[in-house]
Amino acid sequence: MTEVPDYLLKRSKDRRTVLEGGTPTGDAPASKEVAKAATSSAAPALPAEVAPPPPPKPDPAYVVAAKTRKKIPYWAMATLSLLPVWAFMYLLAVSPQEREASGPMAVGEAAYSACASCHGAAGQGGAGRVLHEGEVLKTFPHIEDMLNFVYTGSQPFVSAGLVVYGDPSREGGAHAPLSYNGNAMPSQGEKWGGGLTDYEILGVVCHERYAIGGADPKSEQWAAEYATWCSEDSEIFAALEAGTVNFDTLAETFKMLETAPRPVGTEPRPAGK
Ligand code: HEC
């Protein structure tokens, strides 16, 4: 059996120690070199002398002020954090309440958008007749006759052989159906193919008489009509809206009213006196 020489054994032992991170014990030239390489890669040499850190710059005046001013105490934070909520509630409380659009005038204002294309936004006329400045009131001194005409439109009047709609002794001349550049007023009521319900027709007629046509709801001439048909307290409007009456039945149902309604009807008919 061959003896391994001692110096070889020591070299191998040193080598293993270096690989495991230790320092070799011996002074074999090969081991020294390996050890030196290992230490130098693990920790770079320190500079001979470390420069002292520069003295901190004094804070500018505004930083000093910020650091020394009085702070909000922590116990006040809970209250302060509720400020936005409080501001929101305040705004809600002081902003005016939007009123629900209801009643004949509000319903009529909304429905008039279907008429404005022909009659103009202010009733000044266009493809349809002029309604403003009292014109429509001259044609229809009674609201019932206007409701009837808006329900049927022009064509049923022509078909029924009626030569006039509205007041036959109208100031400025009676209006014959299809007399305005030959244009027809389209039917609004369901029976004649129109898309508005009876209460919407009442609403839009109220709008055309009182908001566009120039009738003053407070005047002696119009106060009673306004109260009966177009005010928010109008029982007729409420009943039409609830569907308990229609244009054919309302005159009979409300004949006990102080200003008893004339018949409206859904068939074309001459205006009442
Ligand atoms: C397509 C156009 C058109 C639209 C939309 C229209 N109209 Fe008319 N309207 C006319 C024409 C045209 C006349 C004239 C009728 C005739 O000579 O037969 C008229 C006449 C009238 C009159 C009679 C005025 C008068 O003094 O002689 C009233 C009231 C009226 N329209 C109300 C309405 C209402 C309410 C609506 C909306 C729901 C409406 N119109 C939508 C074209 C229109």
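Residues numbered from 1 in each chain as written. Predicted model: local features only at pLDDT ≥ 70, side-chain atom pairs only at ≥ 80, totals over all residues. Heavy atoms only, no water.

Q: Lay out the layout of surface pockets with the relevant residues and their values.
A: Of the voids in this model, the largest pocket is the one considered here, and its volume is about 520 Å³. Sorting the residues of the lining of the largest pocket by element identifies α7 (113-119), α8 (135-139), α9 (143-152) and α11 (198-212) as the ones contributing at least two each. In terms of residues, the lining of the largest pocket owes the most to one element, α7, which gives five residues. A breakdown of the residues in the lining of the largest pocket according to their chemical character gives 21 nonpolar, nine polar and two charged. (1 Å grid on protein atoms, 1.4 Å probe; cavity = no way out; pocket = protein on both sides within 12 Å on 5 of 7 lines; lining within 4 Å. Points joined across faces, edges and corners; volume = space filled by probe spheres on them. Helix = DSSP H or I, 4+ residues; strand = E, 2+ residues; numbered from the N terminus. Nonpolar A, V, L, I, M, F, W, Y, C, P; charged D, E, K, R; others polar.)

Q: How would you summarise the site of the ligand if you had to cite specific residues and measurements?
A: Taken together, the neighbourhood of the ligand is formed by 30 residues, with Cys115, Cys118, His119, Tyr165 and Met185 sitting nearest. In this structure, His119 approaches the ligand through a side-chain N or O atom, which is 2.8 Å from a nitrogen atom. Where the shell around the ligand is concerned, the elements lending two or more residues are α7, α8, α9 and α11. Sort the elements by how many residues they give to the shell around the ligand and α7 lands first, with four residues. The residue makeup of the shell around the ligand, split by class, is 20 nonpolar, eight polar and two charged. (Near = heavy atom within 4 Å. Polar contact = N/O pair within 3.5 Å; in protein donor to acceptor, adjacent residues only side chain to side chain.)

Q: Lay out the side chain of Glu225 in plain terms, naming residues and giving numbers.
A: As for its placement among the helices and strands, Glu225 is situated in helix α12 (residues 223-230). Those residues in contact with Glu225, other than ones at most four positions away along the chain, are Pro141, Ile143, Arg209, Tyr210 and Cys230. (Contact = heavy atoms within 4.5 Å.)

Q: Which residues make up the packing of α11 against helix α13 (residues 235-242), and what values go with them?
A: The geometry of α11 relative to α13 is characterised by a closest axis approach of 7 Å and an angle of 145° between their N-to-C directions. Between α11 and α13, the residues in contact are Asp198, Tyr199 and Leu202 and Phe237, Leu240 and Glu241, respectively. Of the residues assigned to the contact of α11 with α13, the class counts are four nonpolar, no polar and two charged. (Axes fitted to C-alpha atoms, helices over the stretch in contact; angles between N-to-C directions.)

Q: Break down the packing of aromatic side chains for me, citing the residues and quoting the values.
A: Inspection of every chain in the model, using the stated rule, returns nine aromatic pairs. Between Phe157 and Tyr165, the ring centres sit 6.4 Å apart and the planes meet at 75°, which makes this aromatic pair edge-to-face. Note on Phe157: relative accessible area 1%, which makes it buried. (Phe/Tyr/Trp six-rings, centres within 6.5 Å; stacked < 30°, edge-to-face > 60°. Buried < 20%, exposed > 50% of the residue type's maximum accessible area, 1.4 Å probe, protein only.)

Q: Please provide a residue-by-residue account of the state of the cysteines, values included.
A: Counted by the stated rule, this structure contains one disulfide. Between the sulfur atoms of Cys206 and its disulfide partner Cys230 the distance amounts to 2.0 Å. Taking the sign of the torsion about the S-S bond as the criterion, the disulfide between Cys206 and Cys230, at about -80°, is left-handed. With a gap of 24 residues between them, Cys206 in helix α11 and Cys230 in helix α12 connect regions that are remote in the sequence. You'll find Cys206 and Cys230 in the same group, each marked buried. (Disulfide = S-S within 2.5 Å.)

Q: Residues and numbers for empty space enclosed by the protein, please.
A: Where empty space is left becomes clear once a probe the size of a water molecule has been rolled over the atoms. Summed over the entire model, instances satisfying the criterion amount to one cavity of 30 Å³ or more. If you trace the largest cavity, you find it lined by Phe140, Asp145, Asn148, Phe149, Phe157, Gly166, Arg269, Pro270 and Ala271. Counting residues per element, the lining of the largest cavity draws most heavily on α9, at three residues. Taken together, the residues of the lining of the largest cavity break down into five nonpolar, two polar and two charged.

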